[in-house]
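# Coordinate analysis (summary)
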Amino acid sequence: GATGPEGATGAEGATGAEGATGSDGIGENLLCFATDQTIGTSGKWMGLGQQGGTHDEVSVITPFETGVVTQFIVKADQGNNARSGIAEVWHDLGAFSDGSCVLQAGVPNENKSVCGDSMNGALIPFDSLSIFIKADSGSFVGATGCVLIDGEPLDGPVVP
């Protein structure tokens, strides 16, 4: 038998629901500081690969309009003598309330002091970060420090 005529095209289906917004792709970012200069009992701020006498001299602007510092770690080189001290994470409003730790002499080995902790330090728009470090006695030969930032993308132009 002969083939019958083709049927009419069916009605178009309904549009599906809109999908959820994807993640911003920024995620967590590591920002590190270091100095090879002597750090004594009066302390120094670390940032920009150097040290200075104030947060404003050395702080590094974060590339996020908003975000949270979630963790930090600091390591000091004690030189030939075991030294203890403190380290603090600073931003433009001052020290973070939960951003400090005690550098223990000889931890993790006889020439280094290490400390760190998780924190919840909210950043303000166009915030800057630095690490303040000081020895309890004597001096550290140098130090490094890193902060982990959970950031959001920068929206809009940079305002001076």
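The sections below set out a description of the structure shown in this document. Fair warning: this is a prediction, and the values are worked out from it, not measured in the lab.

For the rest of this paragraph, the subject is the state of the cysteines. Following the criterion strictly, the structure yields 2 disulfides and no others. A sulfur-sulfur separation of 2.0 Å characterises the disulfide bridge that pairs Cys32 with Cys146. Given an S-S torsion of about 110°, the disulfide between Cys32 and Cys146 has right-handed geometry. Of this pair, Cys32 sits in strand β1 (residues 28–35) while Cys146 sits in strand β10 (residues 142–151); the two residues are 114 residues apart in sequence, bridging distant segments of the chain. Cys32 gets classed as partly exposed once you look at its relative accessible area, which sits at 42%. Sulfur-sulfur distance for the disulfide between Cys101 and Cys115 comes to 1.9 Å.

To continue, consider the pattern of salt bridges. Evaluated as defined, the whole model comprises 1 salt bridge. In this structure, Asp77 engages Lys112 in a salt bridge whose closest nitrogen and oxygen atoms are separated by 3.8 Å. Taken together, the positions of Asp77 in strand β5 (residues 67–77) and Lys112 in strand β8 (residues 112–122) put the pair 35 residues apart, joining distant regions of the chain. For Asp77, a relative accessible area of 26% gives the class partly exposed. For Lys112, a relative accessible area of 22% translates into the label partly exposed.

Calculation notes
Residues numbered from 1 in each chain as written. Predicted model: local features only at pLDDT ≥ 70, side-chain atom pairs only at ≥ 80, totals over all residues. Heavy atoms only, no water. Disulfide = S-S within 2.5 Å. Helix = DSSP H or I, 4+ residues; strand = E, 2+ residues; numbered from the N terminus. Buried < 20%, exposed > 50% of the residue type's maximum accessible area, 1.4 Å probe, protein only. Salt bridge = Lys/Arg side-chain N within 4 Å of Asp/Glu carboxyl O.

Interpretation note: all reported values are geometric properties and have no functional meaning in isolation.
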